[in-house]
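# Architecture and fold: a report
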Amino acid sequence: MALILAAMISACATSPARTAAELEADKKLEIAVTQQLADDPNVFAPHIQVSVNRGVVTLSGMVFDGNEIFEAGRVTKLVPGVISVRNQIEMHISGRGGDS
């Protein structure tokens, strides 16, 4: 069992490099997702980073409202060409200032 697991991990670690066509498609998809997030009034997109690898979109960064995490993932899934979404956005909770 351990030998099979090791072989599976090794196979995943040595995936072939993306072709020029894959790189171009991923870049176009990254631009499309970034634009879709920027256009959504329920998402504060400047703090969200988008990366794409073979159609798998990873969202990272931070937002101030937990609903934005859900909305960013939902909007991203609607973009044509997105295979899946890894939503790694974190919520930033700002401290209250003042004398209270």
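Above this text you will find the structure in question.
It should be emphasised that the depicted structure is a prediction, and the values quoted were computed from it without experimental measurement. (Residues numbered from 1 in each chain as written. Predicted model: local features only at pLDDT ≥ 70, side-chain atom pairs only at ≥ 80, totals over all residues. Heavy atoms only, no water.)

### What to know about the pattern of salt bridges
This model, assessed by the stated rule, comprises five salt bridges. Close ionic contact of Lys28 with Glu24 constitutes a salt bridge, the shortest N to O distance being 3.2 Å. Taken together, the residues span about one helical turn, with Lys28 and Glu24 both in helix H2 (residues 20–39) at a distance of four residues. On the accessibility criterion, Glu24 (45% relative accessible area) is partly exposed. Taking the shortest distance from any N to any O, the salt bridge between Arg74 and Glu71 comes out at 2.8 Å. One end of the pair, Arg74, and the other, Glu71, are both in helix H3 (residues 66–77), three residues apart, so they sit about a helical turn from each other. (Salt bridge = Lys/Arg side-chain N within 4 Å of Asp/Glu carboxyl O. Helix = DSSP H or I, 4+ residues; strand = E, 2+ residues; numbered from the N terminus. Buried < 20%, exposed > 50% of the residue type's maximum accessible area, 1.4 Å probe, protein only.)

### Description of the nonpolar core
If you look at the biggest cluster of nonpolar residues, it comprises 16 residues, and the most contacted ones within it are Val33, Leu37, Ile48, Val57 and Leu59. At the level of elements, H2, strand E1 (48–53), strand E2 (56–63) and H3 are the ones that each hand at least two residues to this core. Not counting the four nearest positions on each side in its chain, Leu37 is found in contact with Val43, Ala45, Ile48, Val50, Leu59, Ala72, Val75 and Thr76. (Core = buried A, V, L, I, M, F, W, Y, C linked by side-chain atoms within 4.5 Å. Contact = heavy atoms within 4.5 Å.)

### Let's talk about the pairing of E2
Bridge count between E1 and E2: six bridges; the pairing is antiparallel. In the sheet register, Ile48 faces E2, and the bridge partner there is Gly61. The sheet contact formed by E2 and strand E3 (residues 84–87) spans four bridges and is parallel. From the neighbouring strand, Val57 faces E3, where its bridge partner is Val85. Running through H3, the crossover from E2 to the neighbouring parallel element E3 is right-handed. Sheet analysis places E2 next to strand E4 (residues 90–91), joined by two bridges and oriented parallel. Bridge pairing in E4 places Val63 opposite Met91. (Pairing = 2+ DSSP bridges. Right-handed = clockwise from strand over helix to strand, strands pointing away.)

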